[in-house]
Each structure stands twice: as structure tokens, then as C-alpha cells.
Amino acid sequence: MIHSRITGTGSYLPEKVITNFDLEKMVDTSDEWIRSRTGIERRHVAADGETTVDLAEQAARRALEAAGVAPADVDFIAFGTTTPDLVFPNCGTLLQQRLGCRGIPAFSLETACAGFMYALSIADKYVRCGESKRALVIGAETLSRITDWKDRSTAVLFADGAGAVVLEPSAQPGLLSTHLHSDGQYKDLLYCAGGVSTGIDGRLTITMAGNEVFKVAVLKLGAAVEEALAANGLDRSAITWLVPHQANIRIIQATARRLDLPMERVVVTVQDHGNTSAASVPLALDVAVRDGRIKRGDLLLLEAFGGGFTWGSALVRY
Ligand code: UT7
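Presented here is an overview of the structure given in this document. On a predicted model such as this, the values are computed, not experimentally measured, just so you know.

**A short note on helix H3 (residues 52-67)**
Argument step 1. Its 16 residues give H3 an end-to-end C-alpha distance of 22 Å, which sits within 8% of 22 Å, the value for a rise of 1.5 Å per residue.
Argument step 2. Turning to H3, its buried residues are Thr52, Val53, Leu55, Ala56, Glu57, Ala59, Ala60, Ala63, Leu64 and Ala67.
Argument step 3. Summarising the contacts, the buried residues of H3 are in contact with strand E1 (3-12), strand E4 (76-80), helix H4 (91-99), strand E6 (135-142) and strand E7 (160-170).
Argument step 4. Directly after H3, the chain includes glycine 68, whose backbone phi takes a positive value near 70°.

Pasting the structure below:
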């Protein structure tokens, strides 16, 4: 039986940093409020002209180097983003051209913060059925482009970044399961108004009922991690690392409590880059792989939750 396994990780954050103290000068907020309510200390934003695919390319090249895969040998690209460079061609195809792996299937999907989880789940199936041998999975965003920098309820949260993993076939289990969910009844709690078929009407920025989103996120993520464990017949004590969506430290702590996991076994990077939507899980994963916390053989539980709502999990033997 063929399994799919993560053979390389990579990430990239743009150079420009906006600290909480910078934000104090832009909106009515304080470093103390942002840190205590969200855990965020700083975030990165793309330079003028720097696009989602620019960030993704850096992350992808790092992941490919880590996996020892030549860019031209990638045979499948699944790209999660809600801030694409263009309406079309899609970001997967734009990246494919840059990497020089012509003719392969490449696409992007827009499931907001769960974009990487969806992309990972699809790529996993292609590798396991033998159709892909070197799949590239991306989560990348330039949320700064759809953030209203005068709205304190969202400006302090969202930011830019990219993360990537390479999936390859393996005789040993790697991805043990993925579970994806969506529920459009919550659309009005978190959305970006405007689009191609509705028209933009001068406003293309994120609107969020933060406190409502918070409550549903805690519930759905709690259920999602239990679903992942139950599907694999595993006890919560089997998890080596929780690698959660990096949106808010309090949501992360609630999920860890549900799993009875001490925070020492949770990868937390939200302080360094805020909520980067689809990029946040692969970013956190890459940080913990590169600093040596995550080791081969560890059992990882990845999860994300975002607009839609969309959410999902992956249980991974690294
Ligand atoms: O990744 C996609 C999923 N998104 C999320 O997971 C985000 C989920 N939501 C959250 O993370 C939190 O709800 C927030 C961080 C957005 C807000 O935290 P909260 O504890 O839910 O605060 P709140 O919205 O209930 O607001 C509390 C107070 C309000 O003032 P009053 O009415 O109590 O006087 C807000 O106006 O905090 C005020 N407030 C702020 N104060 C200073 C809201 N934003 C700010 C701010 N600075 N930036």
C-alpha cells in the first residue's frame, strides 16, 4: 500500500514588519490589548508589488530543497489561498511556470484559513493513488491587501506569509488521515465583500464578527481534533505536537485543553506573524521542523478554521 509522507517543509515571511506599537499609531488600540487578546506581537506585510505567488515561490523552493526534489520534477501543485495574484490564471499555475515543471496539474483553491488543509488532503489522495510522486502543497496569502487598516477589529490580526510542504510516496505511513468540513450558514460572520460576479463596489476588505467566530472556532476545532483521533483509534496522549491554525493564542489554548496537551507540546508562532490564513499551519510546521522540535516519527495533529466556515484536520506521522 502506498502512503504519502511529508519529505520537506518551507516557509517565507516578507521583510516588512509591523509591530503592535506601530499599530498603536494607526488605530485606537494598544500592545497590551493585542497581546492579551490574541497573542500577536508583530506581523509581516508584503512590499508594494510583492504578490502571493512571490511569497509562495520562496516557501516552495525552501521545501523542495529540504526534500531534495528539483523544482522541475514537481508533478502536482495544490495551492491554498484567498488572496490570489489574478482572477486567472490560478496561483498554482503561476507557480508552476516559475518552477519550470510544465504540463503538470496545478490549481488553487479558496477555502480561506483552511486552504492548506484542503490542498493537503487533495494532494494526499493523488500521491496515495499513485498519480503523483512529488506533490507540492502551498498555503500563501497577502491578507494585507484585503485588510482595512483603519478597522482595529481586523487590522491587528491579519498579515502575509507563505508555507509549503512536499509530499512523496512512502511504504511507511505518513499522512494518517485528513478530515475536511464546511458550513456556509456562517458566511456573514467572516467574509470579504466583493468579487467578480457580485462586483467590488469600492470595498474589498475583511469583515468579521470576531467574538462569534471565536466561539464557533473553539467548538469546531475541538470536535475536529477528536474526530481525527477517533478515526485512527488513537488516544490524545499519542500526539507529540499539535500544530494549530495560528489565529489567536486563546483559541489554541482551548484546543490544547480539549486534548489535555500541555502548551509545551503545541507549536505557537502566532506572536511572530499574526493570522496568515492558509499560510499559518505550514508556516508553524516549518518553524518547528527547522528548530528541531519536530522530529521524524513524531505524531502531529494539524488543524485550521476559517471563513465560510471551513475547517479541517490532518493527523501526520512525520
Ligand atoms: O482565522 C479565521 C478565524 N478567525 C479567528 O479565529 C478570529 C476569532 N476571533 C478572535 O480572535 C477574537 O474574537 C478577537 C481577537 C477578534 C477579539 O477578541 P474578543 O476577546 O472576542 O474581543 P471582543 O470582540 O469581544 O471585543 C472586546 C472589546 C470591545 O470593546 P467593548 O465593547 O468591550 O468596550 C471591542 O470594541 O475590545 C474592543 N476591541 C479592541 N480594543 C482595542 C476590539 N478590537 C480592539 C483592538 N484594540 N484592536
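**Observations regarding unusual backbone geometry**
Argument step 1. Here the residue pair phenylalanine 88 and proline 89 is connected by a cis peptide bond, since its omega of -5° sits within 30 degrees of zero.
Argument step 2. Relative to the elements of secondary structure, proline 89 occurs in the loop between E4 and H4.
Argument step 3. In this chain, glycine 308 is followed by phenylalanine 309 through a cis amide linkage whose omega measures 0°.
Argument step 4. Inspection of the secondary structure puts phenylalanine 309 in the loop between strand E12 (299-306) and strand E13 (310-317).
Argument step 5. Look at alanine 112: it is not a glycine, yet its phi comes out positive at around 50°.
Argument step 6. Within the secondary structure, alanine 112 is located in the loop between strand E5 (106-109) and helix H5 (115-128).

**Quick look at the packing of aromatic side chains**
Argument step 1. Considering all chains together, one arrives at five aromatic pairs under this definition.
Argument step 2. A centroid spacing of 4.8 Å and a plane angle of 20° characterise the contact between tyrosine 186 and phenylalanine 309, whose relative ring orientation is stacked. Within this pair, whereas tyrosine 186 is found in the loop between strand E8 (175-182) and strand E9 (190-192), its partner phenylalanine 309 is found in the loop between E12 and E13, the two being separated by 123 residues in sequence.
Argument step 3. Classification of tyrosine 186 by relative accessible area gives buried; the value is 19%.
Argument step 4. The exposure class of phenylalanine 309 is buried, given its relative accessible area of 0%.
Argument step 5. Taken together, the aromatic side chains of Tyr186, Phe305, Phe309 and Trp311 make up a single cluster linked through ring pairs.
Argument step 6. Against the face of tryptophan 241 rests arginine 293, its NZ or CZ located 6.0 Å from the ring centre.

Criteria and cut-off values
- Residues numbered from 1 in each chain as written.
- Predicted model: local features only at pLDDT ≥ 70, side-chain atom pairs only at ≥ 80, totals over all residues.
- Heavy atoms only, no water.
- Helix = DSSP H or I, 4+ residues; strand = E, 2+ residues; numbered from the N terminus.
- Expected span 1.5 Å × (residues − 1).
- Buried < 20%, exposed > 50% of the residue type's maximum accessible area, 1.4 Å probe, protein only.
- Contact = heavy atoms within 4.5 Å.
- Phe/Tyr/Trp six-rings, centres within 6.5 Å; stacked < 30°, edge-to-face > 60°.
- Lys NZ or Arg CZ within 6 Å of the ring centre and 35° of its normal.

By themselves, these are just geometric observations and shouldn't be taken as functional.
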